[in-house]
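Structure at a glance
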Amino acid sequence: MHLSRLFLPLCTAIFLAFHNATAQQLKTQDTTLFDRDYVLEASMVGYFSPDGARNPTLRANKGDRVRIKITNAELMTHDIALEKMGIKSKTILEKGMSTTLTFTATQSDIYYCSVPGHRAAGMVGNFEVVEGIISTATIQGQLPKKDGQPLNLNFETGTLKDWTATGTAFANPLISLDPSPIHEKDMRIGFEGTHFLSSGGTTNAKLTGTLTSTSFKVTHPFAAFRVSGGALEDTRVELRLAGTDQIIFNITGQGRATLQPVVVDLQGYLDKEIYIKIIDNETGISQIPYIPHDKWAHINFDEFLFYPTRPEFPNELKQKDIIILPPLDPVINAGLSGIEAAKAMTPPQGFKITLAAAEPDVVRPISFTIDSRNRLWVVEGHTYPIPAPEGQGRDRILILEDTNGDGTLDSRKVFMEGLNLVSGIEVGMGGVWLGSAPYLLYIPIDAKNDKPAGPPQKLLDGWGTQDTHETLNSLRWGPDGWLYGTHGVFTHSNVGKPGAPDAERTKINAGVWRYHPTKHQFEVFAEGTSNPWGIDFNDYGHPFITACVIPHMYHIIQNARYQRQAGKHFNPYTYDDIKTAADHVHWVGERGPHAGNFRSAAKGGGHAHAGAMVYLGGSWPAEYRNEIFMNNINGARLNRDRPQRSGSGYVVRHRDDFMAMNDTWSQWLNFKYDASGSVFAIDWYDKNQCHSPNPDVHDKTMGRIFKITHENDKWVQVNLAKASDMELVNYQLNANEWYVRQARTLLQERGPNKKVHKALKKILAENPDATRKLRALWALHVTQGLTEKDLIELLSHENEYVRSWAIQLVAEDKSVSPEALKRFAELAKNDPSAQVRLYLTSAMIRLEPSQRWDVVEALAQKAEDKEDHNLPLMLWYAAEPLAVIDAKRALQMAETSKFPKLLPYTIQRVTAIGTEESKKLLKDLKDRLGKVHSHENHEIEMLIDKALGK
C-alpha cells in the first residue's frame, strides 16, 4: 500500500569513497598486475573518493593496465561503464557489493553508470590518458598575517587565538585525533597539521553557534581552506568584508567527513580587509518520531592559506558538486484528535473542513468509494501489512452515510467482515469489486438489506504480495465501462482466471490495468512508473496517475510504457520509455527524492503521493475543474497540478497547494467528490509514514474521514438507482461528473435499450460541447449502442476528441475490419491532430503486427511529431514487431522516417534477430548510407559496425 516508500534504501542518498594507488602495482588473486588501481564507491549522486572528490578525474598513462572497482553505498542498481570503449562492469544491487572494470588505457574516455537515469542524475566523470608522471603535488600556501605575525587560521596553537565564538558549537571545537572522538568511527577527517576545528561532529550535532576570525588584509590573489560536514544552508563558511560585513564568498560541506580544499578567487579584493565567519545554526533535530536526527548538522574547518597563483587540488570541493538542503520543515502538530486535526487544517478562503468520522467508528481506512446513493463504502485494513492465512482475514467493509447534511457520517453499517489484505474497492454492476491480493473479488449486493447476496467470487488470481503496499489498488470505473486499477513496481503479479495456466496469464509489476465486468477480460492498460496509488479521468476521459519516488505525474496512454522506478520492461526491445508529463517535482534539490524528505515544503512537500482526484464536481470555483489533486504524505498537504494540452498529450504544471493539514501524522490515502460537489477524504492516521512489513510499527487504533466543502456546495440526498432510464441519460449533461459516472454505470448494468440509444445519439449529434458528446459516446459504448459502422463514421467527426475515442473503441476487441483499417491509414496520412495520431499508435499496438504497416509507415512521415512528448516512442512500440515480419521493409521505413530515433532502434531490433539475412540487410544499409556523407549517416554506420561486431 502507498503508506509511502519514504525511506526505502532504494533511493537513499548515501556517500561514497575512493582509493587511487598510482605509484605501485597491485597483484590480485588472479596474479594480474595493474598499473592504476582505482576504488570508488557509488550512489545516485555520483562516484566519490575517500578524499571527498565527486566523480574524480581518473588518470593513466597510455598502455597502463587499469582496474576500477566500485562498491555500492546503497541498496540500488549501479555499475560503471566506459563510453568510447563500450565496456561495462557487472551490475551490483546490494549495499556493500563490489564489481570491477579492467582494461588497457588507450584513449581518454568518460566513465558513467549505465543504469537508465543514473548518468543524468550525476554518475559520470572523466578518464584521462596523459603523458609523464601523474602527480597530485600543489604549490605551497602561507598563513595570512596581522601586525607582521601569522594568524592562527590553522589552529596549530591548539587554541582559538584570533577567533571569537558565540553559542555552544565552538565551546570545545579543536580536535587532534583522526578518527575524531566526536565523529563516527569509520569517518576519516584527513586534516593537516595537529588540529582541526569542528562545530560538534556527529555526536554533538545539536549544538549551534558561530566562530569569527579577526580581520586581515588580502595580500594574495587566491586563498584556500579545507571544509567538510553538512550540505545544509545553516552549516557554512563565509568570507566577509570587514567594515561592511558584505559576504564575498560562502560554501557548505557536502555531507561527508573528509576535509576538502576550497579555492577562493580574491583578485578583486586585494589590499582589502576581510574576515572568516564559520556558522552552525542547524541543530539537525528531527521532530518526526521515526526520523533520526541529522548527524551532518555540523561543520569542520581547517587551514586557511593564501596562494600567489590558483592552486590545483585533485579533491577540490566545488560548489557545483554540493547539493544543499534547506532546513527541516517546521512540525506544527502531531497526534491530534479528529476534531483538532480538522481545526488545524488551512483550506483556501471559501472552504471548510469537517470531521465526518473518526476512531473508533472507522479505523485504518485504506480505500473507499461512493455509491449511487451518495454513501461511502470504506475498507478498514486491519490485516495489512501481512496477509493472513486464507479465511483468517480481518478487513471490514463499512457503509457510511450523512443522513442530515451536517457533514457527519452518522449512519454506519457493516457490509462484510473477514476479508484479507483489501487494498481497493469499487461498487457497481450489482456488486462490490475488491482488490484483495492474490485475488480480484466480486461480491454481489443484496441492495435491500445492504448485505452480501452471496459469497465473494474469485474473478482473477495471481496478484502478488511481495510488497503489500504495492498490490492492486485504486479501483475506479473508466468512461469505457472497464474497471481500472493501479499496481506497484516491487510486487510481481501473474494474473489470470483461477486455474489458468501461465500461457493464459498476464504479468504486471508496475502500471495501470483494467478488467471488463461483463466480458471478464483482463489486460495491462499501460506499464511502468513506481508505486501509483491513485487514478482518475479528466473531462475528456484521459487518465492520470500519481506516483512516488520518481516524478509523480503521468498522463496514461493505452499501451504506453513509462519510466520505471526499478526493474526492466517486459519487452526487451523497449529501449526507452515515456517520462513524466509534469514540468516539476515536489521535492527539493538534486540529491535524490528521499533527501528532500521533510525539507520540501517550498516545492510541495516531498516525493510520496497518495490518491488522485481530477476535480469535476461542478460546484467549486471554475479554476479547480480538471485540476489534479493528490495528497503529499511527507508534506502533509494536498497538492494540485493543472494539465494543459501540449502536442499529443499534456504538460502538467504545478499550482499552489490546495491546503496544508499541519499535522505530521496525517496520511490521506484517497479522496472523491460526491453528489454535492464536496470532497470526502480517508485518512490512515499514523505517526509512522514509512511502509514496513512489521505490523507493530503501525498504529492499529486510529483513522479519520474528512469532508471538504465549498460555500457553493448544496447537500442533497439522492438515489440514482431509482432513476428512470431517461433520467440517467439526462444526467450525462450534469455539471457534476459524479452524476455522469454513476448514471453511466447504472445504464451499463441495465443493458441495451433502444430509447436510451436514441437519446444518447441525439446528444452526440447535437450538443455543441465536446465533453457532452464524449459522455454520450461512452454511454452508448457501455450499453452496446454502437456498431463498428457507427464508429467508422465518427472517424470523420469534426472534433479531435471524438475521432480519438472512436479509434480506441473500434480497436477495443483487438480486431478491426478492413474498412476501419483503411480509414485508420487515411487518418494517419491526413489528420491534423497529434492526439488522433497518438490514438492511432495505441490502436496499432493492439492489432496483429501484419495489419499495422500502412498506418505506421504514414505516421513515421509526420515530421511535426518528432519532438512530441509521446509520439516518437509510441510509434516505436507499434513498429518494433514489424522488424521480425519483414526486416527489409522495416529498415526502409525507418530510413525514410522523420523520427530520428526510429532508424537506430530498428537497427538494434534487426540486430537482435541474429540471422545471416538480417546481418546482410544491415550491411546493405551501411553501404547505402556510406554513399551520402553526413554526421547522422556516420553515426548510423558506427552503430551498424557495432551490431555486426566490427
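Residues numbered from 1 in each chain as written. Predicted model: local features only at pLDDT ≥ 70, side-chain atom pairs only at ≥ 80, totals over all residues. Heavy atoms only, no water.

Our focus in this paragraph is empty space enclosed by the protein. Scanning all chains against the criterion turns up nine cavities of 30 Å³ or more. For the largest cavity, the calculated volume is near 140 Å³. Taken together, 16 residues form the lining of the largest cavity, with Ile556, Ile557, Gln558, Gln808 and Tyr839 sitting closest to its centre. For the lining of the largest cavity, the secondary structure elements donating two or more residues are α8 (800-810) and α10 (834-846). With three residues, α10 is the largest single contributor of residues to the lining of the largest cavity. The class makeup of the residues in the lining of the largest cavity is nine nonpolar, six polar and one charged. Estimates place the volume of the second largest cavity at around 80 Å³. Residue lining of the second largest cavity: Arg373, Asn374, Leu376, Glu401, Asp402, Leu409, Asp674, Phe680, Lys707, Trp715, Val716 and Gln717, and that is the complete set. (1 Å grid on protein atoms, 1.4 Å probe; cavity = no way out; pocket = protein on both sides within 12 Å on 5 of 7 lines; lining within 4 Å. Points joined across faces, edges and corners; volume = space filled by probe spheres on them. Helix = DSSP H or I, 4+ residues; strand = E, 2+ residues; numbered from the N terminus. Nonpolar A, V, L, I, M, F, W, Y, C, P; charged D, E, K, R; others polar.)

Here we take up the pairing of strand β41 (residues 522-529). Summarising burial for β41: seven of the eight residues are buried, a large majority. By the bridge criterion, five bridges tie strand β40 (residues 511-515) to β41 in an arrangement that is antiparallel. The residue of β41 that forms the bridge with Val512 is Ala526. In sequence, β40 turns back onto β41 through a hairpin of six residues, with His520 there showing a positive phi of about 55°. Judged from the two bridges that link them, β41 and strand β45 (residues 561-564) form a sheet pairing that is parallel. Residue pairing across strands places Thr529 opposite Arg564, the latter belonging to β45. (Buried < 20%, exposed > 50% of the residue type's maximum accessible area, 1.4 Å probe, protein only. Pairing = 2+ DSSP bridges.)

Another aspect to go through is the pattern of salt bridges. Pairing between side chains of opposite charge can happen when the charged atoms of each approach one another. All told, the structure shown has 64 salt bridges when counted by the stated rule. Glu238 is the salt-bridge partner of Arg236, the closest N and O atoms lying 2.8 Å from each other. In terms of burial, Arg236 and Glu238 fall into one category: buried. Residue Glu623 is joined to Arg655 by a salt bridge in which the shortest nitrogen-to-oxygen separation is 3.4 Å. Of this pair, Glu623 sits in the loop between β46 (609-614) and β47 (628-632) while Arg655 is found in strand β49 (residues 649-660), placing the two residues 32 residues apart along the sequence. Through salt bridges with shared partners, one network takes in Arg476, Asp536, Asp539, Arg625, Glu737, Arg741 and Arg775. (Salt bridge = Lys/Arg side-chain N within 4 Å of Asp/Glu carboxyl O.)

Going from Tyr384 to Pro385, the amide bond is cis rather than trans, its omega being 10°. One can find Pro385 in the loop between β28 (376-380) and β29 (395-401). Following Ala437, the chain continues into Pro438 via a peptide bond in cis, with omega recorded as 15°. Positive phi values are uncommon outside glycine, yet Asn662 reaches one of about 60°. Within the element layout of this structure, Asn662 appears in the loop between β49 and β50 (668-673). Its relative accessible area of 17% is what places Asn662 among the buried residues.

This part covers the side chain of Asn937. Its location among the elements puts Asn937 in helix α17 (residues 935-947). At 3.3 Å, the side chain of Asn937 and the backbone oxygen of Leu929 are in polar contact. Leaving out residues up to four positions away in the same chain, Asn937 has contacts with Leu929 and Val932. (Polar contact = N/O pair within 3.5 Å; in protein donor to acceptor, adjacent residues only side chain to side chain. Contact = heavy atoms within 4.5 Å.)

Another point: the packing of helix α14 (residues 887-896) against helix α16 (residues 916-930). If you want to describe how two helices pack, look at the angle between their axes and the distance between the axes. Look at α14 against α16: their axes get within 10 Å of each other, and the N-to-C directions meet at 30°. As far as their axial angle goes, α16 and α14 are roughly parallel. Between α14 and α16 lies a crossing whose hand is right-handed. From α14, Ala887, Lys888, Leu891 and Glu895 reach across to α16, where they touch Leu921, Leu922, Leu925, Arg928 and Leu929. Of the residues belonging to the contact of α14 with α16, the class tally is six nonpolar, no polar and three charged. (Axes fitted to C-alpha atoms, helices over the stretch in contact; angles between N-to-C directions. Parallel < 35°, antiparallel > 145°, perpendicular 65-115°, else oblique. Left-handed = near helix turned anticlockwise from the far one by under 90°.)

Scanning the entire structure with this criterion turns up 47 aromatic pairs. Consider the rings of Trp513 and Phe522, whose centres lie 6.1 Å apart with planes at 35°: the pair is tilted. Neither residue differs from the other here; Trp513 and Phe522 are each classed as buried. Geometrically, the ring pair formed by Trp620 and Phe629 is edge-to-face, given 6.1 Å between the ring centres and 75° between the ring planes. On the basis of relative accessibility, which here comes to 6%, the residue Trp620 falls in the buried class. Taking relative accessible area as the criterion, Phe629 reaches 0% and is therefore assigned buried. Chaining the aromatic ring pairs together yields one cluster made of Phe155, Trp163, Phe216, Phe225, Phe249, Phe301, Phe304 and Phe306. (Phe/Tyr/Trp six-rings, centres within 6.5 Å; stacked < 30°, edge-to-face > 60°.)

Moving on, we come to the sheet that holds strand β26 (residues 351-358). Taken together, the four strands give an open sheet; going across it, the order is β26-β52-β51-β50, and neighbouring strands pair in antiparallel fashion. Lying at the two open borders of the sheet, with one neighbouring strand each, are β26 and β50. The average angle at which neighbouring strand axes cross in this sheet is 20°, direction not considered.

Here Arg396 lies in strand β29. Overall, Arg396 belongs to the buried group, its relative accessible area being 19%. Side-chain polar atoms of Arg396 contact the side chain of Glu380, separated by 2.7 Å. Of the polar contacts made by the side chain of Arg396, one reaches the side chain of Glu417; its length is 3.4 Å.

A separate point is the packing of α10 against helix α12 (residues 871-879). Running from N to C, α10 and α12 cross one another at 25°; their axes reach a closest spacing of 8 Å. Classified by the angle their axes make, α10 and α12 are roughly parallel. Judged by the sense of rotation from one axis to the other, the crossing of α10 with α12 is left-handed. Residues Ala834, Arg837, Leu838, Thr841, Ser842, Met844 and Ile845 of α10 lie in contact with α12, whose contacting residues are Leu871, Met874, Leu875, Tyr877 and Ala878. Here the residues of the contact of α10 with α12 are counted per class, giving nine nonpolar, two polar and one charged.

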